[in-house]
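Given next are the chains, with one letter for each unit.
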Amino acid sequence: MKWLRHLPNTLTLINLFCGMMGVIAMSNALVITALILMGISLLADVFDGMLARKLGVADGIGVQLDSIADTVSFGVLPGMMIFYMGARYAGEFPNQQFIAVLAGLTVASAGFRLARFNVDTRDKKYFWGLATPAGAMLVAGYLWAQDAGRDFGLGVAEFPLIIVILPLFLIFAFHLPVKLPGLKSPKKVVMIPFLIVIAVVIGLFTIGPISITLGLLAYYLLGVLNLFFKFY
């Protein structure tokens, strides 16, 4: 059926649409709405490439469209979330102008990360640097925890400098050549993110949404440790 050929790009457009709607939601302090929209974008992002490969319809337009959609959903939207957390929880220091600059730099770093990914010739079985969807989930989990009142004293209100450290971490983590496993990695290696996902799911039912942020930090730390101990 010919219409199936358009399904991957349709999913990518859904990703883009939900990302933009999430930005609008965050600009109106609709946190839960924005989180749900980011979740839909993540699902669309997972399945668009998978379907394109399965249907044999991967093309240049799809690749470019995917990067544009991801820049909005996993760059601009988490940037808005960073700014919201700073404005909502940080108090007078750091000031909103400084947080806005950091949020903007995070978006720019994410956009550059996505552009670089398209031309990267390194082994595609691994991520080289933190993937933008992972960075977006890290931010979203932290925002969710604070909005739900389940940050266990680890929120921006208690430690305002976190809203400076978080975007700086993402700006560099997107580009540092840390080798991170993904779904295309060898079976023995793909167990690492699989086990982290299980731990995060268990954490959601015990400590709450902050487990998403902690799980992704653990995932990145394992990649850093791999630089020295060569687990994979």
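Structure's up top.
Residues numbered from 1 in each chain as written. Predicted model: local features only at pLDDT ≥ 70, side-chain atom pairs only at ≥ 80, totals over all residues. Heavy atoms only, no water.

### Quick notes on the packing of helix α2 (residues 31–55) against helix α3 (residues 60–89)
Move 1: Contact geometry of α2 with α3 gives a least axis separation of 11 Å together with a crossing angle of 155 degrees. The pairing of α2 with α3 is recorded here as roughly antiparallel in orientation. α2 and α3 meet at a crossing whose hand is left-handed. From α2, V31, A34, L35, M38, S41, L42, D45 and D48 reach across to α3, where they touch D66, D70, S73, F74, L77, P78, M81 and Y84.
Move 2: A class-by-class count of the residues in the contact of α2 with α3 yields 10 nonpolar, 2 polar and 4 charged. (Axes fitted to C-alpha atoms, helices over the stretch in contact; angles between N-to-C directions. Helix = DSSP H or I, 4+ residues; strand = E, 2+ residues; numbered from the N terminus. Parallel < 35°, antiparallel > 145°, perpendicular 65-115°, else oblique. Left-handed = near helix turned anticlockwise from the far one by under 90°. Contact = heavy atoms within 4.5 Å. Nonpolar A, V, L, I, M, F, W, Y, C, P; charged D, E, K, R; others polar.)

### Quick notes on α2
Move 1: In a regular helix each residue adds 1.5 Å, so 25 residues correspond to 36 Å; α2 covers 36 Å between its end C-alpha atoms and thus fits that length.
Move 2: Considered for burial, the residues of α2 that qualify are V31, A34, L35, L37, M38, S41, L42, A44, D45, D48 and A52.
Move 3: Buried residues belonging to α2 abut α1 (7–27), α3 and α5 (132–147).
Move 4: Positive phi appears at G56, one or two residues downstream of α2, with a value of about 70 degrees. (Expected span 1.5 Å × (residues − 1). Buried < 20%, exposed > 50% of the residue type's maximum accessible area, 1.4 Å probe, protein only.)

### Quick notes on the layout of surface pockets
Move 1: If you add up the space inside the second largest pocket, you get close to 240 Å³.
Move 2: Residue assignment for the lining of the second largest pocket shows that the elements contributing at least two residues are α5, α6 (162–173) and α8 (210–229). (1 Å grid on protein atoms, 1.4 Å probe; cavity = no way out; pocket = protein on both sides within 12 Å on 5 of 7 lines; lining within 4 Å. Points joined across faces, edges and corners; volume = space filled by probe spheres on them.)

### Focus on empty space enclosed by the protein
Move 1: One pass over the full model with this rule turns up 2 cavities of 30 Å³ or more.
Move 2: Computed from the structure, the largest cavity encloses a volume of approximately 50 Å³.
Move 3: The leading source of residues in the lining of the largest cavity is strand β1 (residues 126–128), at 3 residues.
Move 4: Looking at the lining of the largest cavity, its residues break down into 4 nonpolar, no polar and 5 charged.
Move 5: Counted as a void, the second largest cavity has a volume near 30 Å³.
Move 6: Breaking the lining of the second largest cavity down by element, the ones donating at least two residues are α3 and α5.

### Remarks on the packing of α3 against α6
Move 1: α6 packs onto α3 with a crossing angle of 165 degrees between their chain directions and a minimal axis gap of 10 Å. Relative to α6, the element α3 lies roughly antiparallel. The hand of the α3/α6 crossing is left-handed. Of the residues in α6, those touching α3 at I82, M85 and G86 are I163, L166, P167 and L170.
Move 2: Per-class residue counts for the contact of α3 with α6 are 6 nonpolar, 1 polar and no charged.

### Re the side chain of S73
Move 1: With respect to the helices and strands, the residue S73 is situated in helix α3.
Move 2: Here the side chain of S73 touches S41 through a polar contact of 3.4 Å, side chain to side chain.
Move 3: What S73 contacts, discounting residues up to four positions off in sequence, is N15, L16, G19, M38, S41 and P78. (Polar contact = N/O pair within 3.5 Å; in protein donor to acceptor, adjacent residues only side chain to side chain.)

### A short note on the environment of Y84
Move 1: For Y84, the position within the fold is in helix α3.
Move 2: Y84 sits in the buried class, given a relative accessible area of 15%.
Move 3: Along the backbone, Y84 and R53 are 31 residues apart, and their C-alpha atoms lie at a distance of 37 Å.

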